[in-house]
Amino acid sequence: MDHFHYRGGVLHAEDVPVPAVAASVGTPFYLYSVATLVRHFRLLDEGLDGLDHLVCYAVKANSNQAVLKVLARLGAGMDVVSGGEYLRARAAGVRNDRIVFSGVGKTRSEMELALSGGVRQVNLESEPEMELLSQVAASMGVTVPVAFRINPDVDAGTHDKISTGRAEDKFGIPAGRAPDAYRAAASLPGLKVVGLDMHIGSQLTDLAPYELAFRVIAELTARLRSDGHEISRLDLGGGLGIPYRRSDAALPPPAEFCDLIRATFGSLGCEIEIEPGRLIAGNAGILVTRLLYRKSGKDREFLILDSAMNDLVRPALYSSYHEIVPVAEPAPGEVERPFDLVGPVCESGDTFAKRRRMPPLAPGDLLAFRSAGAYCAVMASEYNTRPLVPEVMVHGDRFAVIRARPTFDEILGRDIVPEWL
Ligand code: LLP
């Protein structure tokens with residue numbers, strides 16, 4: 001459920017009519033709803049009630065500091081995967097003991113940054129990374145809590161490019177190597193083993209892969225404890241899917257995910273961490289765009305929009321589906337016809353949808369891509385020298401620009417032409 005709905009025939013974000021934002025900011029723009037962010041965070045936070053837990057929002061999904069601040073105020077922790085994300089979380093007011101540092105290739109300088117500012121835990125992805133972190137921590141005279149990311153060799157059944165828990169994926173270490181890795185970590189200076197970590201993929205639409213992976217983690221917890229390690233925290237990652245189609249009723253509700261966690265780990269006496277990104281931010285945002293032209297092809301009609309693959313790359317990259325709705329509510333009974341919805345970028349991959357049935361539309365009309373709160377603005381680029389799309393946040397009847405559209409002076413000013421040219 002989200003807070004984008006038609007009222008009086010016009011799409012609103014909470015109490016703000018979308019055309020009012022378009023008039024003020026220009027198109028295209030991202031629009032986020034605070035009420036939706038809060039609702040989704042609480043679904044998980046309250047779902048884990050009774051368990052010692054911390055919901056660590058995966059900053060990569062939407063890293064705008066205003067979004068982070070909304071969640072930090074609710075008590076969220078953060079899962080960061082780079083020095084930049086660490087700095088964003090700190091700038092948004094997140095306490096250092098609520099920041100988990102994940103990521104498959106942390107550099108020495110990122111480790112130094114996180115250790116000098118303080119972190120809750122570092123999730124290790126390999127033995128060489130463990131050795132470097134030990135060196136860095138010891139040279140700084142600090143001890144850092146660590147968990148190894150375990151690759152449980154489970155197929156999350158999601159898109160190939162966002163599946164991370166199979167043996168063939170680059171993430172984590174195999175469960176069978178964990179006893180040796182933990183023995184090594186326990187013997188190294190600067191590291192304190194605190195738990196286990198996993199993340200098997202993103203946009204999971206079924207709980208069965210979690211069940212399999214959780215079993216691996218529970219068994220490994222027992223084994224490592226019997227080896228004498230203190231395992232007091234389990235980081236179960238993120239990945240729970242969201243409905244991209246309103247008709248997607250079959251997704252497991254967050255409460256069932258939380259119940260599965262309780263059933264599997266409730267008796268182990270561990271603190272539970274989860275790292276949801278998409279579930280919190282995905283349906284809390286839309287991308288608003290304007291129809292520039294209707295154009296007839298040989299056998300089809302194109303709708304050419306003012307947003308493009310550089311603004312929202314998911315359809316081009318993963319063939320993913322985003323609902324596209326007109327901002328002016330179609331009258332009941334209006335006849336829908338198939339269109340190809342495309343952007344202005346000079347490649348055919350710049351196609352948002354093919355043969356999508358849409359109501360009658362005219363140039364100048366506003367449209368909204370739904371489910372654009374996660375992995376959209378953060379994955380945007382300035383390809384074709386198209387300025388990054390601004391981000392706007394709505395709270396009740398107020399809205400504010402939370403990242404402005406850059407000017408062409410700013411964009412051109414970033415290039416440096418050597419004086420010898
Ligand atoms: N934790 C770790 C270690 C992760 O790598 C990720 C996502 C998450 C948590 C959060 O997963 P979520 O709850 O959001 O599914 N760009 C892709 C998604 C990439 C996800 C990468 N890792 C997309 O647009 O679908």
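Residues take numbers from 1 onward in each chain, read along the sequence in its written order. The predicted nature of this model means local features are confined to residues of pLDDT at least 70 and side-chain atom pairs, given and counted, to a pLDDT of 80 or more, with totals for whole chains, interfaces and linings taken over all residues. Side-chain numbers here rest on the full set of heavy atoms in the structure, without hydrogens or water.

A. Representation of the overall build of the chain within the structure. In DSSP terms, a helix is any run of H or I states spanning at least four residues, a strand is any run of E spanning at least two, and both are numbered starting from the N terminus. Each helix and strand counted, the chain has twelve helices and 21 strands in total. Against the globule reference of 22 Å for 421 residues, the chain gives a C-alpha radius of gyration of 23 Å, in line with a compact fold. Seen through its principal axes, the chain has C-alpha atoms that stretch 70 × 60 × 40 Å. Classification of residues uses two cut-offs on accessible area relative to the type maximum, computed with a 1.4 Å probe and protein chains only: under 20% is buried, over 50% is exposed, and between them is partly exposed. For the chain, the residues scored as buried account for 55% of the 421 residues in total. Every residue pair with non-hydrogen atoms within 4.5 Å of one another is taken to be in contact. Restricting to contacts in the chain with at least 6 residues of sequence separation, those with at least 24 account for 69%. Summing over all exposed atoms, the chain offers an accessible surface of approximately 17,800 Å²; the carbon and sulfur share of this is 52%. Between the mean site of the 45 positive side-chain charges and the mean site of the 54 negative ones, the chain shows a separation of 3 Å. In this description the radius of gyration comes from C-alpha coordinates, and the expected globular size is given by 2.2 Å times residues to the power 0.38. Shrake-Rupley sampling with a 1.4 Å probe provides the accessible areas, and residues are treated as covered by the protein chains on show and by no other component. When charges are counted, Lys and Arg contribute as positive and Asp and Glu as negative, whereas His and the chain ends are disregarded. Here the site of a charge means atom NZ of a Lys, CZ of an Arg, CG of an Asp or CD of a Glu.

B. Fine view of the pairing of strand β21 (residues 398-403). Relative to β21, strand β20 (residues 391-395) runs antiparallel, the two sharing five bridges. Directly across from E391, in β21, lies its bridge partner R403. The rule for pairing is simple: two strands pair if DSSP sees at least two bridges between them. Counting the residues that bridge the hairpin from β20 to β21 gives two residues, and of these G396 lies at a positive phi of roughly 65°.

C. Structural detail: the environment of L220. Among the structural elements, L220 can be located in helix α8 (residues 208-226). Its relative accessible area of 7% is what places L220 among the buried residues. C-alpha of L220 to C-alpha of P253: the two residues are 33 residues apart in sequence and 27 Å apart in space. If near-sequence neighbours (up to four positions away) are discounted, L220 is found in contact with I150, A175, A178 and L196.

D. Local environment of empty space enclosed by the protein. A pocket here means an open set of points on a 1 Å grid, computed over the protein atoms alone, that has protein on both sides within 12 Å along at least five of seven lines. A cavity is instead a set of points where a 1.4 Å probe fits but cannot get out; residues with an atom within 4 Å of a point line either one. Grid points are joined across faces, edges and corners, and a volume is the space filled by probe spheres set on the points. Tallied over the entire structure, the rule returns one cavity of 30 Å³ or more. Around the largest cavity, the lining residues are L44, G237, G238, G239, L240, F257, I274, E275, P276 and L279. Asp, Glu, Lys and Arg are counted as charged, while Ala, Val, Leu, Ile, Met, Phe, Trp, Tyr, Cys and Pro are counted as nonpolar; the rest, among them Gly, fall into the polar class. Grouping the amino acids of the lining of the largest cavity by side-chain chemistry returns six nonpolar, three polar and one charged.

E. The arrangement of the packing of aromatic side chains in detail. Each aromatic pair joins two rings of Phe, Tyr and Trp (for Trp, the six-membered one) with centres within 6.5 Å, and gets the label stacked for planes under 30 degrees apart, edge-to-face for over 60, and tilted for any other angle. Applying the stated criterion across every chain yields a total of seven aromatic pairs. With centroids separated by 5.4 Å and ring planes inclined at 55°, the aromatic side chains of F148 and Y182 adopt a geometry described as tilted. Note that F148 is positioned in strand β9 (residues 144-151) and Y182 in helix α7 (residues 178-187), a separation of 34 residues in sequence. With relative accessibility at 1%, the residue F148 sits in the buried group. Whether a charge sits over a ring comes down to the Lys NZ or Arg CZ being within 6 Å of the ring centre and within 35 degrees of the ring normal. Positioned above the aromatic ring of F101, the side-chain terminus of K106 is 5.9 Å from the ring centre.

F. Representation of helix α5 (residues 108-117) in the model. Looking only at α5, the buried set comprises E110, M111, A114 and L115. Seen from one end, α5 has its buried residues packed into an arc of 125°, which puts them on one side. Opposite the buried face of α5, at more than 90 degrees from it, the exposed residues are S109 and S116. Turning to α5, the residues buried within the fold contact α4 (83-91), β7 (99-101), α6 (127-140) and β9. Two residues or fewer after α5 comes G118, characterised by a positive phi angle close to 95°. Starting at the helix axis, one direction is taken to each C-beta atom, and the arc is that of these directions.

G. Representation of the site of the ligand. We call a residue near a molecule or strand as soon as one heavy atom of that residue lies within 4 Å of the molecule or strand. In the vicinity of the ligand, 18 residues are found, and the nearest of them are S202, E275, R278, R314 and Y375. Contacts described as polar in this section are N or O atom pairs within 3.5 Å, which, within protein, must combine one atom able to donate a hydrogen with one able to accept it, while residues neighboring in sequence count only if both atoms come from side chains. Between the ligand and the protein, one listed contact pairs an oxygen atom with a side-chain N or O atom of R314 at 2.6 Å. Note that a nitrogen atom of the ligand is positioned 2.8 Å from one of the side-chain N or O atoms of Y318. Relative to its free-state accessible area of 590 Å², the ligand is covered by the protein chains to the extent of 91%. Assignment to a cavity or pocket requires that more than half of a molecule's atoms be within 2 Å of the site's grid points. Most atoms of the ligand, that is more than half of them, are within 2 Å of grid points of the largest pocket. Partitioned by chemical class, the residues of the shell around the ligand number six nonpolar, six polar and six charged.

H. Structural context of the pairing of strand β19 (residues 366-369). Both faces of β19 are covered, namely the face carrying L366 and A368 and the face carrying L367 and F369. Bridge count for strand β14 (residues 285-296) against β19 is four bridges, and the pairing is antiparallel. Across the sheet, residue R290 finds its bridge partner in β19, namely L366. Pairing geometry for strand β16 (residues 324-326) and β19, over three bridges, is antiparallel. Bridge pairing in β19 links P326 to L367.

I. Summary view of the packing of α4 against α5. Axes, fitted as lines to C-alpha atoms, cover a helix only where it is in contact. Angles between the N-to-C directions of the axes lie from 0 to 180 degrees. Between α4 and α5, whose axes approach to 9 Å, the crossing angle comes to 25°. Regarding the angle of α4 to α5, the classification is roughly parallel. Crossing of α4 against α5: the hand is left-handed. Along the contact surface, α4 presents G83, Y86, L87 and R90, while α5 presents E110, L113, A114 and G117. Any angle that falls under 35 degrees is termed roughly parallel, while one over 145 is termed roughly antiparallel, one within 65 to 115 roughly perpendicular, and all others oblique. Here a crossing is called left-handed whenever its near helix is offset anticlockwise from the far helix by less than a right angle, and right-handed whenever the offset is clockwise.

J. Layout of the layout of surface pockets. Taken as a whole, the largest pocket spans an internal volume of roughly 630 Å³. Together, 33 residues line the largest pocket, and K60, T164, F171, H199 and Y375 are the ones closest to its centre. At the level of secondary structure, the elements contributing two or more residues to the lining of the largest pocket comprise α10 (278-281) and α11 (314-318). A class-by-class count of the residues in the lining of the largest pocket yields twelve nonpolar, ten polar and eleven charged. Quantified by volume, the second largest pocket comes out at close to 470 Å³. If you go around the second largest pocket, you meet 23 residues; those closest to its centre are M1, H40, I242, P243 and N283. Residue assignment for the lining of the second largest pocket shows that the elements contributing at least two residues are α2 (34-47) and β14. At three residues, α2 tops the list of elements feeding residues into the lining of the second largest pocket. Of the residues assigned to the lining of the second largest pocket, the class counts are twelve nonpolar, five polar and six charged.

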